[in-house]
Amino acid sequence: MDEKRARFEAEVLPHLDAAYRFARWLTHAPADADDIVQEAVLRAFRGFDALRGSDVKAWLLAIVRNCHSTAFRQRQRRAFVPLPEENDAQYGYAMRSNIPDPQDESIRRDERRTLEKLIAALPEEHRTVLMLREIEEMDYRQIAQVTSVPIGTVMSRLARSRAALKARWLLETAGEPRAVR
Amino acid sequence: MRCAESLRVQAYFDGEVDAVSAVEIERHAEHCGECRTLLKDLEQVRAALRRSAAYAHASPALRTSISRALDQDGAAPVQDMRERDIRGPAAPTRRIRPFWLGALAGVGASAVAVACAFLLVLPRLGNPLIDELASAHVRSLMPAHLIDVVSTDRHTVKPWFAGHTDVSPVVADFEPQGFRLMGGRADYLDRQRSAVVVYQHGAHVINVFSWAGDGRGLPADVSRNGYHFVFWKSGNLDYCAVSDTARDELLSLVRLLQDLGARDRGE
Ligand SMILES: [Zn+2]
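Residues numbered from 1 in each chain as written. Chains lettered and ligands numbered in written order. Predicted model: local features only at pLDDT ≥ 70, side-chain atom pairs only at ≥ 80, totals over all residues. Heavy atoms only, no water.

1. Considerations on the domain arrangement of chain A
Residues and elements named next belong to chain A. The condition that has to hold: What counts as a domain boundary in this text is fixed by an automatic or database domain assignment. What gets called buried area is simply the loss in accessible area from a 1.4 Å probe that two parts show on being joined, summed for both. Criterion for a salt bridge: a side-chain nitrogen of Lys or Arg within 4 Å of a carboxyl oxygen of Asp or Glu. Nitrogen and oxygen atoms within 3.5 Å of one another constitute a polar contact, given that in protein one can donate a hydrogen and the other can accept it, and given that sequence-neighbouring residues count only through two side-chain atoms. Secondary structure elements are defined from DSSP: runs of H or I of at least 4 residues count as helices, runs of E of at least 2 residues count as strands, and each element is numbered from the N terminus. Note that Gly is not counted as nonpolar here; it falls among the polar residues with everything else outside the nonpolar set of Ala, Val, Leu, Ile, Met, Phe, Trp, Tyr, Cys and Pro and the charged set of Asp, Glu, Lys and Arg.
If you check the domain split of chain A, you get domain 1 (1–86) and domain 2 (101–176). Of the roughly 1600 Å² buried between domain 1 and domain 2 on both sides combined, carbon and sulfur atoms contribute 57%. Summed over the shared surface of domain 1 and domain 2, the result is three salt bridges. We note a salt bridge from Glu136 to Arg21, for which the minimum N-O separation is 2.6 Å. Remark: the boundary between domain 1 and domain 2 carries five residue pairs in polar contact (both at pLDDT 80 or more). Within the residue set of the side of domain 1 that touches domain 2, elements represented by two or more residues are α2 (16–27) and α4 (56–73). With seven residues, α4 is the single largest residue contributor to the side of domain 1 that touches domain 2. Considering only residue class, the side of domain 1 that touches domain 2 consists of ten nonpolar, two polar and five charged.

This is the structure we're talking about:
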């Protein structure tokens, strides 16, 4: 293995899971996410010589986003189908040694399904900043880099997506006693 | 209708403001019911998302497929390059799925160029300790390298270190605070043995390295390649926490560990 490849595997591939999660939120469809990530990683590899230091994760996720928007423009959007459980079992790989308490499990599954539906219903640019912040735990500067918008825009999109999610969450779970803790 | 401070309050919640602004915002929230509600809502949305969002991983099939594609890409001979020059740039020969043919051919290169453009100015940090920590953290993310002793019980992890390293770091499970103890690992840093305590925080792995301090100063906290490095001293040990989790989240784990260290020493 040559030096570039070794360096690439050490610096970029550790962010593969983050890239995959990000692609999942962009596309909804696991198979499309696989394609986008693979394309993005190849492009990252070709552009890797030019990269010196800096935030590799934000760089890789920006490429994922570019690959997605290019692909997206090229075709009609497929109708969104909420992810069924089987798809998760087939494509999603649970966090290492994250063994949930079985009692919590069914509650979590309900909550997860509701949330996934609500997240999917958000406009893409809102969904993207929200998940980059809350799940990838990127800071405003990194999110601005990934989404190519100014930090002020990141902040207002975050505020709007959080408010929308909260409002819809309340609507969705109205009447269920354990809904909002 | 919204309080004019709401974006600043959000920035405070996200750990994006300095200490002075933080005090101002806390004072504001004491008197502004709207902002207090906002803070509570932000916390609820975050908790629900982190509890429920699917922490999907790239499948082994995708990893294999990427590895194979990189093999082909890296092995592309000079002749291939010349052919490509002749045929023009839009000649992707190695697409995995025909669906992408054409779709990504021409545009991608410029997208990468744009993505690269603002990264070129940033220099690589030359501290060898940080380099070692970074590669040890990355190594740990490779399958099967993460943990030598898998346990969520500090009474298992702590004695294990005694037998495998010269270092006895603070170990505790902080699951209620969102940092789940996963286990421990022995590693080498600066040619000496170090103990690594591994935590899981949402989708992120946190490695807490510790080694016998020799009185030398520690590097300043730094962020690099999407990872944050936070250093501190406690007792006779040097510590560094490394993760791609948010910096303020990492700092809250560090504070928990510092408090625990101080309690252990009876301070
Ligand atoms: Zn206010």
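2. Quick look at the packing of α2(A) against helix α7 (residues 124–134) of chain A
Residues and elements named next belong to chain A. Our working rule: Axis definition: a line fitted to C-alpha atoms, limited for helices to the stretch in contact. Angles are taken between N-to-C directions and run from 0 to 180 degrees. Convention used here: angles under 35 degrees read as roughly parallel, angles over 145 as roughly antiparallel, angles from 65 to 115 as roughly perpendicular, and any remaining angle as oblique. It is the rotation of the near helix from the far one that decides the hand of a crossing: anticlockwise by less than a right angle makes it left-handed, clockwise makes it right-handed. By definition, residues are in contact when any of their heavy atoms lie within 4.5 Å.
Where α2 contacts α7, the two axes come as close as 10 Å, and the packing angle between them is 155 degrees. Viewed along their axes, α2 and α7 adopt a mutual orientation that is roughly antiparallel. Seen from above, α2 lies across α7 with right-handed handedness. Mapping the contact onto sequence places Phe22, Trp25 and Leu26 in α2 and Glu124, Arg127, Thr128, Met131 and Leu132 in α7.

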